[in-house]
Amino acid sequence: MEESEDVPKDFVKLKCEKLSVDEVSELVVSPYCGAVSLFIGTTRNNFEGKKVIHLEYEAYTSMAETEIKKICRNVRQKWPSVKHIAVHHRLGRFMRMNILGKKTRNAFGQIQKNNCTLLKIKCYSS
């Protein structure tokens with residue numbers, strides 16, 4: 001396979017079912033890259049001194065997917081070495097779990113890239 005055949009891809013999924021770390025990790029693997037960085041968001045058991053029992057998320061799916069894809073494009077403009085990006089977010093009532101996976105040529109700076117992407121997604125969804 002030539003590198004031109006491994007075109008950067010975005011995988012965005014909003015779903016009510018349980019999220020899979022393995023699924024996200026497999027989506028972003030590329031033979032041309034040497035690092036996979038995953039962020040797994042979970043729910044604290046408290047917020048501002050109050051007990052958290054559950055969270056409930058809903059979304060206008062097509063708009064949310066469009067906005068997340070814009071964020072992915074912005075990440076690639078800032079860091080061209082990022083190959084594939086997968087953002088999965090769970091909807092509905094549950095103890096929250098979000099997964100962000102990215103594939104880049106090496107591990108250096110990957111945490112900064114994840115943080116930037118997460119901040120953009122969080123600011124959009126707040």
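Trainee: Would you take a moment to explain the overall build of the protein for this structure?
Mentor: Helix and strand content of the protein: three helices and eight strands. Element order for the protein, N to C, with α for helix and β for strand: β-α-β-β-β-β-α-β-β-β-α. A buried classification covers 37% of the 126 residues belonging to the protein. For the protein, contacts bridging at least 24 residues in sequence account for 73% of all contacts bridging at least 6. Here the protein displays about 8000 Å² of accessible surface, and carbon together with sulfur accounts for 54% of that area.

Trainee: Is there a simple way to think about the side chain of H84 in this case?
Mentor: When you line up the elements, H84 lands in strand β6 (residues 82–90). A polar atom in the side chain of H84 sits 3.1 Å from the backbone nitrogen of K9.

Trainee: Explain the nonpolar core here, please?
Mentor: The nonpolar side chains of soluble globular proteins are, as a tendency, buried together. V12, L14, A64, I68, I71, C72, V75, W79, V82, I85, V87 and L91 form the largest nonpolar core, which has twelve residues in total. Listed by contribution, the elements that provide at least two residues to this core are β1 (10–15), α2 (61–78) and β6. In terms of residue count, α2 provides more of this core than any other element does, five residues in total.

Trainee: For this particular structure, what's the right way to read a nonpolar patch on the surface?
Mentor: A cluster of nonpolar residues, V29, V36, L38 and I40, forms a patch on the protein surface that exposes about 290 Å² of accessible area. One can find L38 in strand β2 (residues 35–42).

Trainee: I'm lost on the pattern of salt bridges in this one. Help?
Mentor: Once the charged atoms of two side chains with opposite charge are near each other, the side chains can pair. Following the criterion strictly, the structure yields three salt bridges and no others. A salt bridge links D10 to R76, with the nearest nitrogen and oxygen atoms 2.7 Å apart. Here D10 is found in strand β1, whereas its partner R76 is found in helix α2, with 66 residues between them in sequence. With its nearest N and O atoms 3.0 Å apart, the salt bridge here joins K70 to E67. With K70 and E67 both in helix α2 and three residues apart, the pair spans about one turn of that helix. Overall, the relative accessible area of 22% leaves E67 in the partly exposed class.

Trainee: So what exactly am I meant to see when it comes to the confidence of the model for the protein here?
Mentor: As a general rule, the predicted coordinates of low-pLDDT regions are not to be interpreted in detail. For the protein, per-residue confidence averages 77 on the pLDDT scale, and residues scoring 70 or more make up 71% of the total. Taking the mean pLDDT of every element in the protein, the minimum, 52, falls on helix α3 (residues 110–125) and the maximum, 94, on β1. Scored below 50 in pLDDT, residues 119–126 makes seven contacts in the model with residues more than four places away or belonging to other chains.

Trainee: Looking at this structure, how should I read α2?
Mentor: The α-helix winds at 3.6 residues per turn, so residues separated by three or four positions along the chain end up facing the same way. Helix length check: α2, at 18 residues, gives a terminal C-alpha distance of 26 Å against a target of 26 Å (1.5 Å per residue), a fit within 8%. Those residues of α2 that fall on the buried side of the exposure criterion are A64, I68, I71, C72, V75 and R76. With its buried residues spanning 140° around the axis, α2 presents them on a single face.

Trainee: How should the environment of F39 be read in this particular structure?
Mentor: Tracing the chain through its elements places F39 in strand β2. Using a relative accessible area of 33% as the deciding quantity, one classes F39 as partly exposed. Spatially, the C-alpha atoms of F39 and V21 are 9.3 Å apart, while their sequence positions differ by 18 residues.

Basis of the calculations
- Residues numbered from 1 in each chain as written.
- Predicted model: local features only at pLDDT ≥ 70, side-chain atom pairs only at ≥ 80, totals over all residues.
- Heavy atoms only, no water.
- Helix = DSSP H or I, 4+ residues; strand = E, 2+ residues; numbered from the N terminus.
- Buried < 20%, exposed > 50% of the residue type's maximum accessible area, 1.4 Å probe, protein only.
- Contact = heavy atoms within 4.5 Å.
- Areas by Shrake-Rupley, 256 points an atom, 1.4 Å probe, with all protein chains shown as cover.
- Polar contact = N/O pair within 3.5 Å; in protein donor to acceptor, adjacent residues only side chain to side chain.
- Core = buried A, V, L, I, M, F, W, Y, C linked by side-chain atoms within 4.5 Å.
- Patch = residues over 30% accessible without salt bridge, like charges linked within 9 Å, V, L, I, M, F, W, Y side chains within 5 Å.
- Salt bridge = Lys/Arg side-chain N within 4 Å of Asp/Glu carboxyl O.
- pLDDT = per-residue confidence, 0-100.
- Expected span 1.5 Å × (residues − 1).
- Arc of directions from axis to C-beta.

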